[in-house]
Structures are given as C-alpha cells and as structure tokens.
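Structural overview for review
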2 protein chains.
Amino acid sequence: MKAEIINIGDEVITGHIVNTNAVWLAKRLLTIGIETPFITAVGDTVAHMEAVINGALRRVDLVILTGGLGPTDDDLTKRALVKVFRRNLVFHDEILEDIKVRYAARGIEMPEINQNQALLPQGATFLPNKFGSAVGILFEEDNKLCIALPGVPAEMKQIVDDELLPLLQKQIGSSVTYSRLVRTSGISESSLAEKIAPEIPMPDGVKLAYLAHIYGVDLRLTVNAEQTRLAGDLIEQPEGWLKRKLGNLVYGEDDQTLQSSVGALLVESNSTVALAESCTAGLIAGALADVPGSSRYLDRGFVTYSDQAKVDLLGVSKKTIKEHGAVSPETAEEMALGALKNAKTTYAISVTGIAGPDGGGDENGDGKPVGLTYIAIAHNTDNEIQVRSKKFLFGKDRALNRQRSVAAALNLLRLVLLGEEPFK
Amino acid sequence: MKAEIINIGDEVITGHIVNTNAVWLAKRLLTIGIETPFITAVGDTVAHMEAVINGALRRVDLVILTGGLGPTDDDLTKRALVKVFRRNLVFHDEILEDIKVRYAARGIEMPEINQNQALLPQGATFLPNKFGSAVGILFEEDNKLCIALPGVPAEMKQIVDDELLPLLQKQIGSSVTYSRLVRTSGISESSLAEKIAPEIPMPDGVKLAYLAHIYGVDLRLTVNAEQTRLAGDLIEQPEGWLKRKLGNLVYGEDDQTLQSSVGALLVESNSTVALAESCTAGLIAGALADVPGSSRYLDRGFVTYSDQAKVDLLGVSKKTIKEHGAVSPETAEEMALGALKNAKTTYAISVTGIAGPDGGGDENGDGKPVGLTYIAIAHNTDNEIQVRSKKFLFGKDRALNRQRSVAAALNLLRLVLLGEEPFK
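These numbers come from a predicted model, not from an experiment. (Residues numbered from 1 in each chain as written. Chains lettered and ligands numbered in written order. Predicted model: local features only at pLDDT ≥ 70, side-chain atom pairs only at ≥ 80, totals over all residues. Heavy atoms only, no water.)

Right, let's get into the overall build of chain A. Per the secondary structure count, chain A includes 14 helices and 17 strands. Taken along its principal axes, the extent of the C-alpha atoms in chain A is 75 × 55 × 45 Å. The buried share of chain A, taken over its 424 residues, is 58%. Of all intrachain contacts in chain A linking residues separated by at least 6 positions in sequence, the fraction that spans at least 24 positions is 67%. Total accessible area on chain A stands at roughly 17500 Å², and carbon and sulfur atoms take up 48% of it. (Helix = DSSP H or I, 4+ residues; strand = E, 2+ residues; numbered from the N terminus. Buried < 20%, exposed > 50% of the residue type's maximum accessible area, 1.4 Å probe, protein only. Contact = heavy atoms within 4.5 Å. Areas by Shrake-Rupley, 256 points an atom, 1.4 Å probe, with all protein chains shown as cover.)

Mapping chain B onto chain A leaves a residual RMSD of 0.1 Å; the transformation is a rotation of 180° accompanied by 0.1 Å of translation along its axis. In the structure described here, the two chain copies are related by an operation that fits a two-fold rotation axis. With an isologous cut-off of 70% or more, the 100% of interface residues of chain B that recur at the interface of chain A puts this contact in the isologous class. (Least-squares fit on C-alpha atoms with pLDDT ≥ 70 in both.)

Residues and elements named next belong to chain A. Parsing chain A into structural domains produces domain 1 (2-172), domain 2 (176-253) and domain 3 (259-417). With eight residues of domain 2 at the contact, the number on the domain 3 side is twelve residues. Roughly 690 Å² is buried in total at the junction of domain 2 and domain 3, and carbon and sulfur atoms are behind 56% of that figure. When residues of domain 2 are sorted by the area they lose upon contact with domain 3, Ile214, Tyr215 and Tyr251 head the list and together hold 73% of the total. Between domain 2 and domain 3 we count zero salt bridges in total. Along the contact surface separating domain 2 from domain 3 lie three residue pairs in polar contact (both at pLDDT 80 or more). Broken down by class, the residue content of the side of domain 2 that touches domain 3 amounts to five nonpolar, three polar and no charged. (Domains from an automatic or database assignment. Buried area = accessible area lost by both parts, 1.4 Å probe. Salt bridge = Lys/Arg side-chain N within 4 Å of Asp/Glu carboxyl O. Polar contact = N/O pair within 3.5 Å; in protein donor to acceptor, adjacent residues only side chain to side chain. Nonpolar A, V, L, I, M, F, W, Y, C, P; charged D, E, K, R; others polar.)

All names here are of chain A. Contact geometry of helix 9 (residues 258-268) with helix 14 (residues 398-417) gives a least axis separation of 10 Å together with a crossing angle of 30°. Of the possible angle classes, the one that applies to helix 9 and helix 14 is roughly parallel. You can see that helix 9 and helix 14 cross each other, and the crossing is left-handed. Contacts from Leu258, Gln259, Ser261, Val262, Leu265 and Leu266 of helix 9 reach helix 14 at Ala407, Leu410, Asn411, Leu413, Arg414 and Leu417. Looking at the contact of helix 9 with helix 14 residue by residue, the class counts come to eight nonpolar, three polar and one charged. (Axes fitted to C-alpha atoms, helices over the stretch in contact; angles between N-to-C directions. Parallel < 35°, antiparallel > 145°, perpendicular 65-115°, else oblique. Left-handed = near helix turned anticlockwise from the far one by under 90°.)

Moving on: the side chain of threonine 184 of chain A. Residues and elements named next belong to chain A. Looking at where threonine 184 falls in the secondary structure, it is placed in strand 9 (residues 176-184). A polar contact of 2.7 Å, which involves the side chain of threonine 184, links it to the backbone oxygen of valine 217. Contact partners of threonine 184, with chain neighbours within four places excluded, come to Leu192, Tyr215, Gly216, Val217, Asp218, Leu219, Leu246, Leu249, Val250 and Tyr251.

Taken in spatial order, the ten strands make up an open sheet running 17(A)-16(A)-15(A)-13(A)-14(A)-14(B)-13(B)-15(B)-16(B)-17(B), and their pairing is mixed. Taken across any chain shown, the strands that pair with only one partner, and hence form the sheet edges, are strand 17 (384-393) of chain A together with strand 17 (384-393) of chain B. Adjacent strand axes in the sheet meet at a mean angle of 10° when their direction is disregarded. Helix 14 of chain A rests against strand 13 (273-277), strand 15 (347-353), strand 16 (372-381) and strand 17 of chain A of the sheet, and its axis sits at about 30° to strand 16 of chain A. (Pairing = 2+ DSSP bridges.)

Opposite charge on two side chains permits pairing when their charged atoms draw close. All names here are of chain B. Within the structure shown, the criterion is met by 44 salt bridges over all chains. The salt bridge partner of glutamate 35 is lysine 2, with a shortest N-O separation of 3.8 Å. Taken as a pair, glutamate 35 in strand 2 (residues 35-42) and lysine 2 in strand 1 (residues 2-8) lie far apart in primary sequence, 33 residues in all. Among the residues examined, glutamate 35 registers a relative accessible area of 28% and is labelled partly exposed. The partly exposed category is assigned to lysine 2, whose relative accessible area is 33%.

All names here are of chain A. Between glycine 356 and the following residue, proline 357, the backbone shows a cis peptide bond with an omega angle of 0°. Locating proline 357 in the fold gives a position in the loop between strand 15 and strand 16. A positive phi is found at alanine 281, a non-glycine position, where the angle reads about 50°. Looking at the element boundaries, alanine 281 is found in the loop between strand 13 and helix 10 (283-288).

We now examine the nonpolar core. Counting residues in hydrophobic clusters, the biggest one holds 78 residues, and the most contacted among them are Leu288, Leu410 and Leu413 of chain A together with Leu410 and Leu413 of chain B. When neighbours within four sequence positions are excluded, leucine 413 of chain B is seen to be in contact with Val262, Leu266, Val273, Tyr347, Ile349 and Ile377 of chain B. Membership of the second largest hydrophobic core comes to 66 residues, among which are Val60, Ala124 and Val135 of chain A together with Val135 of chain B. (Core = buried A, V, L, I, M, F, W, Y, C linked by side-chain atoms within 4.5 Å.)

Spatially, the twelve strands line up as an open sheet ordered 6(A)-7(A)-8(A)-3(A)-1(A)-2(A)-2(B)-1(B)-3(B)-8(B)-7(B)-6(B), and their pairing is mixed. Only two strands of the sheet have a single partner each, and these edge strands are strand 6 (125-127) of chain A together with strand 6 (125-127) of chain B. On average, each strand axis in the sheet is inclined to that of its neighbour by 20°, with strand direction left out of account. Where strand 1 (residues 2-8) of chain A and strand 3 (residues 62-66) of chain A come together, five bridges link them in parallel fashion. What sits directly across from glutamate 4 of chain A, in strand 3 of chain A, is valine 63 of chain A. Contacts between helix 6 (residues 153-171) of chain B and the sheet are confined to strand 3 (62-66), strand 6, strand 7 (136-141) and strand 8 (144-149) of chain B, with strand 8 of chain B contributing the most and set at about 170° to the helix.

On to the side chain of asparagine 129 of chain A. All names here are of chain A. Examined against the element boundaries, asparagine 129 turns out to sit in the loop between strand 6 and strand 7 (136-141). With a relative accessible area of 3%, asparagine 129 lands in the buried category. Within the local environment of asparagine 129, its side chain forms a polar contact with the backbone nitrogen of glycine 132, the two atoms lying 2.9 Å apart. Engagement of the side chain of asparagine 129 in a polar contact is seen with the backbone oxygen of alanine 134, the distance being 2.7 Å. Not counting chain neighbours up to four residues away, the residues in contact with asparagine 129 comprise Arg102, Ala134, Val135, Pro150, Glu155, Gln158 and Ile159.

This part covers the packing of aromatic side chains. All names here are of chain A. Counting across every chain of the model gives four aromatic pairs over all chains. Taking 4.5 Å as the distance between ring centres and 10° as the angle between the ring planes, the aromatic pair formed by phenylalanine 85 and phenylalanine 139 counts as stacked. Separated by 54 residues along the polypeptide, phenylalanine 85 in helix 4 (residues 77-85) and phenylalanine 139 in strand 7 bring together distant segments of the chain. A relative accessible area of 1% means that phenylalanine 139 is categorised as buried. Positioned above the aromatic ring of phenylalanine 38 is the side chain of arginine 59, whose terminal nitrogen or guanidinium carbon lies 4.3 Å from the ring centre. (Phe/Tyr/Trp six-rings, centres within 6.5 Å; stacked < 30°, edge-to-face > 60°. Lys NZ or Arg CZ within 6 Å of the ring centre and 35° of its normal.)

Helix packing for two helices is described by the angle between their axes and how far apart those axes are. All names here are of chain B. Between helix 2 (residues 21-31) and helix 6, whose axes approach to 11 Å, the crossing angle comes to 20°. Between helix 2 and helix 6, the interaxial angle falls into the category roughly parallel. Once helix 2 is placed against helix 6, the crossing between them reads as right-handed. Between helix 2 and helix 6, the residues in contact are Asn21, Trp24, Leu25, Arg28 and Leu29 and Pro153, Met156, Lys157, Val160, Asp161, Leu165 and Leu168, respectively. Broken down by class, the residue content of the contact of helix 2 with helix 6 amounts to eight nonpolar, one polar and three charged.

All names here are of chain A. Of the pairings in the sheet, the one linking strand 6 to strand 7 comprises three bridges and is antiparallel in character. When the bridges of strand 7 are listed, threonine 125 appears paired with leucine 138. Looking at chain direction, strand 7 and strand 8 (residues 144-149) are connected through five bridges and run antiparallel. Residue pairing across strands places isoleucine 137 opposite alanine 148, the latter belonging to strand 8. The antiparallel pairing of strand 7 with strand 8 creates a hairpin that spans two residues between the two strands, and aspartate 142 there sits at a positive phi of about 50°.

Listed below in structure tokens is the structure:
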C-alpha cells in the first residue's frame, strides 16, 4: 500500500507555518510498512483541493488529508470531499454531544459555531478526537481509502496513533520498510561521502542517504523486506561498517539526539554540567533540558548577556574583558571556570560570540567578524581544574549562528566525555 | 503566473527532516505577486520525480524544484530533469573553477566528487551559488519555466534572493497578492472566530484565515489587486476593525514576533528584564535574545533547574520549597524577586512547572499534575517592589509544555508592560 499525504490550508502554501504534520505522519506510516512517495500541500480553494485529491486517488491507494476541518468559514475540506465523492453532509448527534460534554468539563459554554463539526459526508465513518472538536473522517470507495484529519498537530497525532494506525495495520500485509539512522556531528556531508561511498558494503536492496541538519549529518539506511527481522539483518552489515569507520563522529542512532547522547554520557560517568551562555542566552541549557530526566546532570546555568553579568555572576575579571574583549578565548575560559566554581559541577560549558547582525568589529580592523564564537569547557577531575577553549567562525545569520553554537557546544562536551581532545 | 514547488528527497517524505524550504520560498514568491497553489514533496526515485514534474508542468507556468542537487549518488534531480526535458548533461568548466577557488580560500582540497557539480542539462542556464557547490539550474520550454535549486536552506535562499526573484520580477505583470497578518496571543481560534466572524466588515475579494501556532493565533487578510497601494487600501478597513475589536489581544503584525513586540515595549518604557527559569531552563531568555539589539533590555538570566540552584542563586528559602513545593506560586514569586534583586532590572520573570513526562505527583494526591506551571513577574517601580503570579495547566507533552510556558511568560510580560492586570 502506498500513501499520499495532502496538507490543506493557505497557511501551508503561503509560508505562514512550517508543516510538520506531513513528516510526522509519513514517519508513522512507515512504521507499519506504508511508504508515502508523495506529499502535497494545497491552498483553501475548493477547486484546487478537488484537483489534488483526484490526482492522488489515481496514483496511490491511501489518501490522507490534514487540515481544513475547523468550524470556521475558511475550513473547506468537507466541501471538497463531498464534491469529489458526490455525497451530502449528514448531521451526527453523537459527535455534537461529545463536544458539549468536553466544553462542560472545562466549565465553558460551547461556541455555537461547533455545530458545524457534527456534519459528515454521507457514508463516512468517523475517528474520535480526544483533544478537539474535529473528528477524523474515513471513506472507502473503489478499494481506495480516503481519510481526513484535523490540522492541529496534537489532535491529528492522537487520532493517528489511537485510531488510524491500528485500522490500517489490519488492512496491510507483512512486507515492511525498515530504516535505520546513523547520526553524526562535526563532519560535512561531502567529507562523509568521500569517507564512505567508495568502500561501504551494501547488500542488494539497501539504500543509503545523507541527511544534513543543523546538528550534523544523518546517514539513513533503508530496506524493504518481508519481515522486520530480515530487514534488520540486511541493514546490520552496512550499519556496523559505518559505526566502525566513523568512530566518535557518530553520536547516536534513530531517535537519539545530540543532547540525549550527551545526557547519557553524563549519567554514565556520574557527571554534572553547568552553563555560562552569552550569545546563546540559555539555548544550550534549554536543549539539555529537552531530555526527560536531565535534572540528574543539569543543575543550573547562567545567562550572562551583558559584560557586567559576566563579571557579577561568573567572576570574569574586568581586565580580561577590557584587554581581550567579551568575545575572546580568555573571556570564554573565565566564564566556564566561574560557572564550574559556582555550580560545583564536573563540567561547565561557556559560549561567547558575535551572533549578528550587528556587533562585528571587522570593519574596525580588530579581526572580530560576525559569526566569531568561542566555546570553552572547564573540567573538575579530583579537584584538579582544567579549562580549554575552541574558536569557531560561523556565518552571517543570527539565528543560524546561535543554533550552530548550541550544536558545537554539545558536540564538544560529547567528545570530551568520550576522552577525545577536541580542542586541537 | 502560478507556481508549484517540488521538494525532492526521501528525507522530506519519510519524516527525517521538516521541510522549511517550501514555506519560505512560497512566502518569497508571494512578495512579487506569484501564488503557489501547490507544494509537492517526492522521494529520491527518478520515476516518481518525473511524474510530479510532468504533473506540475501541466497545471502551472513556474515549477521550482529544491533538493537532490548534491554530489552524492542519492542526488537524482538532474537525472529526472534530463529525462523530462530529453537532454544530455554538459560539463561546465567555469562552475568547477569557481568551486575549486572556494575550497582553496578555506585552505581545503576540493573533494573529487564535486566534479559532478559542474554537469548541467544541455540548454540550461545556471544561477550562481555563493555558499556551496550546487548551482541553481534554469530551463525554459513551451513558455514554462523550470528551476532546480539546492536543498540546503542557506544556499537555496541566497540563490532565490540574489538571482531568481529579480529574474522572475522582470517576467511578471503588475498584479499583486497582498497579505497582512494580525497576530494575537492569549485567545483560542474558536473564541476569536466568535468575536470576529459575525461582524467583521470584509470588502469584496478580501479573504480572512485563522492560523493557530504555539504563540497564539494569526489572522491573515489576503487580497489580489492591480497595485500594492490598491490592495493596501482594501485591507485597511478589516485590519483596522480587527485591531480595535481585539485590543491588547493583538501583539503585532506581519513579521513581528511575540518576543520582538515585548522587546519594543521594553525599549519604549526604558525597562530591563531578568529571567529565573526552572522547567524552561533558558528558553525564555533564549527567545528574548532572538531579537537583534536585545542587549538593550536583556542583561542576565538564571537557569535554576535544581532546588539548590533556586536557593543559591535566587535566594528562594528552603522553607518555602519544603512547605509549598518547587512548583508553587510561593516559589515562583521568590524566584522572580531573587532575579530582580540580583539583576537590578525593572522586571523579572520566573517559571516553575512540571514539564513531564514524569514528576507529576497527581497520583500521590497532592494535586500537582504534569503540565502544572506557575509564572511570576516581579516589578520594581520607584524602588517599590511588586510580585504577582499566575497558574497555568498545560498538557502532558514535555516539549509542548515548555514552549507554552515560554509563550505564556512573554505574553504576561507584554500585558504588564501595556498596563493590564493579567494576573486576575
């Protein structure tokens, strides 16, 4: 069975939101062996919606629409569906009853507009929505399945996991698509390809892809097979090869993130970490705390955006800032030492940089362009304190520079925890 | 002229990356009056790519592909293009020369694999890439334009802004699509619709859409007109009406973010702010620092993830934590007061909550479920110090709870800065 996902809404085609529904859904479908070769987004125009629904029904067996099921006038998915499938809308008392109960539980009167939510195309069955008023809608015609889901991510996800996937799993055979991510940080896509491509042993049917993102490059191995076990066997050889070849460039696999792998290493070594952040202003601490259970190693952090804050909270000397600047290895190292001392942790990471768009002094000839960033790590081993720093030259984009600083800081700490010398 | 954007790559259909290229590009095209009614994503299979390119060429005049132009074997866009347009690949010395110069400037030898980057389909012209080795490719056939761009966002964006948009602008007429966002926070989509829908004056041709996101709900007004001025006139009436009707629920318009509008209010009132974050662990400070120039009002912040950090850095009393718990209005207020005192700022915001998935004590009958969050704001006016707090009950999802806390904290500060009483 192959699927097409259609995301509906002017907002997904005019750039006002980033559509994360499709990728989440495609990933979920893949877990039960359904591939999604096509993802389409279309605006809130009934004629355009009809065109893409009809197009999808021609090329796949399973069409899943998301969005456009809200109660307001710009929600047109049902109108497109009744046109494509030539049906009327029918009122369902049980749906309205359920919405009323939900509002009552929150002590709010139900807005009248929610009446619209109880209308479904004739012959459709519905998939209950635990979190909202828009139920999922399911049609079957000419051996094709067409499903409409709300666009609110939490609602869509609940319906998919609780209702849709179990239902689809019954309909499909045993062939599965199995995929495995080997995740790297600290190396570019083309350098990775040069290391890997000429030598990697690839059993028939296994595909390799390079997926670059802000925290590094993922290597994805994919295979189709009759059973999960068989697929796993086929992937095992190239996967093992990649891990041996790439060593510590690999930080994890599949759902492991850079921050979760750093977290696991900290727990393993019974270590703790503190933060001293200038340009990232809390984003590294925030990323470490993404991981459930991070309180085992994350105790505190300092956002020292101003020079004075660096002096007050971290004990950076005014002289250092005056002589070397706030963006310098000297300041970065004093920041890390200050955080380590205050927090009494095993490690402290500091970041100071010129995120941009202003603040770069390159025009003044002091050699400090936008993008210049120093990251230091202080380490307390048996009361012997060490500090090392590293210079990075990122780009001109403020948001990107801050994200790159987070990634670089987490990766540096990971390498230190693995006993490497990443400061050379 | 209407466009279709086609994003190429297994990663965009299998859920390994969120595709932000399409929305960015659609937004950019709209600025020069080009609508994008269709966005399609397709995997790295040449036959599927041919199918969607041919489909797009049938329904629009402008087809823009992104992705699949890298040097590695899984980059197949050019192969699909030569099939669709029945052309050969031709080697361009000038492209390779340029890539070599770029590598030399960084002191790195060019990986041989980049030779591939100099091959273009016959008859195509190329759009230079300042940041990478994959140039943009442009075809014209039967009055249809087909453009292929690299998938790396920074590279794609540079080519679009520097090369593609100026080129397209020459080709199109004077009709423009004009849109305006009115951005709200602190009210749900259906409550907004109930306030607005029955009364809003809508001139012919103006469309209204509700776009919900984590920081609130955006109201988008769109109109097609011959000139920007005319379009602006048509939107003015409903826009003004929305702003009057919604008052302080509106935090900004168009590209203004919640954090940039808070920043503007802080600058306007010559105020400063400090942070004391537990569950958000730096994300509020990090969000405030998204805004260029935020150093005018953001001086420092405290990530106090552990109880001990709250005591050490913010002077929260052990007794308060013991008697009321770390997640309580009392602790939140002491956190805010501690940050205010240390940072000597006009305002301090604190957040303490149970982000989940664990840590909720509801099963123990202490009435503190996952999602329970307290936000406090301390304020120093003429050396008179006030502190107020508010309780929030978010959901079960850790990442969502932390993002909602950031949004709620920024919105509370915004309302306080506007002289409201948001703690009732």
